Amino acid sequence: MSRIDDALRRARGEQPEQAATDADIDMPWQFADSPAAPPRASHPPEQRPTSAPARVPEVARVDVKPLPEQVQRSVDDVPTARLVSAADANPVLIEQFRNLAAALNRLQTERTLKSLLVTSPAPGDGKSHVAVNLALTLSESYRRKVLLVDADMRRPTLHHLFHVSGAHGLLDALRAEAEDVPAVVPVTGTLSLLPAGRPQANPVGDLSSGRMSRLIANAGSTYDWVIVDSPPAAGLADARIILETVDGAILVVRAAATRFAELQAATDALGPGRLLGVILNAVDPREIHREDYYGNYYGYGSK
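Residues numbered from 1 in each chain as written. Predicted model: local features only at pLDDT ≥ 70, side-chain atom pairs only at ≥ 80, totals over all residues. Heavy atoms only, no water.

- An unreviewed UniProt entry annotates the chain as Tyrosine-protein kinase YwqD of Luteitalea pratensis.

Structural notes on the overall build of the chain
- Summing up its helical and strand segments, the chain has eleven helices and seven strands in all.
- Burial status across the chain gives 48% buried among its 303 residues.
- Partitioning the intrachain contacts of the chain with sequence separation of at least 6 by distance along the chain shows that 82% fall at a separation of at least 24.
- When the accessible surface of the chain is summed, it comes to about 15200 Å², and 52% of that surface belongs to carbon and sulfur atoms. (Helix = DSSP H or I, 4+ residues; strand = E, 2+ residues; numbered from the N terminus. Buried < 20%, exposed > 50% of the residue type's maximum accessible area, 1.4 Å probe, protein only. Contact = heavy atoms within 4.5 Å. Areas by Shrake-Rupley, 256 points an atom, 1.4 Å probe, with all protein chains shown as cover.)

What to know about the sheet that holds strand β3 (residues 185–186)
- With respect to topology, seven strands assemble into an open sheet ordered β3-β4-β2-β5-β1-β6-β7, the strand pairing being mixed. Every other strand in the sheet has two partners, leaving β3 and β7 (275–281) as the edge strands with one partner each.
- Alignment of strand β2 (residues 146–150) against strand β4 (residues 191–194), held across four bridges, turns out to be parallel. Paired with V146 across the bridge in β4 is L191.
- Where helix α10 (residues 260–270) meets the sheet, it contacts β1 (115–119), β6 (248–254) and β7, and its direction lies at approximately 175 degrees from that of β6. (Pairing = 2+ DSSP bridges. Axes fitted to C-alpha atoms, helices over the stretch in contact; angles between N-to-C directions.)

Things to note about the pairing of β4
- Neither face of β4 is left uncovered, since the one carrying L191 and L193 and the one carrying S192 and L194 both have all their residues buried.
- Where β3 meets β4, two bridges bridge the pair, whose relative direction is antiparallel. Opposite P186, over in β4, you have S192 as the bridge partner.
- Remark: four residues form the turn of the hairpin made by β3 and β4, two consecutive strands paired antiparallel.

Considerations on α10
- Listed as buried for α10 are E262, L263, A266, A269 and L270. Buried residues of α10, seen end-on, are gathered within an arc of 130 degrees and therefore sit on one face of the element. Every exposed residue of α10 that faces more than 90 degrees away from the buried side is listed here: A261 and D268.
- Looking one or two places after α10, you find G271, whose phi comes out positive at around 85 degrees. (Arc of directions from axis to C-beta.)

Things to note about the nonpolar core
- Residues V132, L134, L148 and I227 are the most contacted members of the largest nonpolar core, which totals 35 residues.
- When contributions to this core are tallied by element, the ones reaching two or more residues are α3 (91–110), β1, α4 (127–141), β2, α5 (158–161), β4, β5 (225–229) and β6.
- In this structure, L148 is in contact with A131, V132, A135, L158, F162, L191, S192, L193, L194 and I227, ignoring residues within four places of it in sequence.
- Core analysis: the next-biggest nonpolar cluster, separate from the first, contains 31 residues, M153, V246, L263 and L270 among them. (Core = buried A, V, L, I, M, F, W, Y, C linked by side-chain atoms within 4.5 Å.)

Structural data, given as structure tokens:
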């Protein structure tokens, strides 16, 4: 029984059917930025945005190439990271990101699209883990050469995820005397990471310099995809500034958490012309029909 059906029953004065508790349900696709933000107050149902199910292209099975042992071990050491490359990754999680990557690859053949901003309306929506999983899927499942850029210089997180040094990175490249190619960290043969560098309370001046635009453009001539993780779009200027340097953006919203006002502010900041789509994150498994389809069809087995 969905939340919508429960609401309709309450409106008619009926008792909603008893649903399973969250403790009884495994939620492998629930992402959270690290460290997790405190929970936001729930808003009235009438203020929540509604959406129709998105249509995604069918994708043939492509096996995920394992990460090198040292990187795989560091990924598995992060208990809150739900990554498509993890040994126990849920097949639903893997296939959802393959569908997203397939849609982006198809869109790339129709328009100029190499650099992509991943942001969210507010902290805690899961933008960073979506950016990482998308980069892993494009590089490992589709064998594309990908650069993952941590442009959230207010709260860098990606270097923690891969257990690499965050002392140097994007900040140093933007402030260096000579515009040399920034030193990136190879994660796999097809995936590289540019950490943010030292945290900055106000990175607007660095991000708005012409160097940021040239850095992204130069990376686009070397990599098939440049995935940029930015601060939240609602209330901060960072995402809007970075958007001017990339080809498009996707917005990550969190089910039953993102407020409509936050979503509206983020879409207004990004603008409809540059926003490619919205990712609904942390969906309740009870709202996903036939979630065992992927596992049974592709032989992963039920989990």
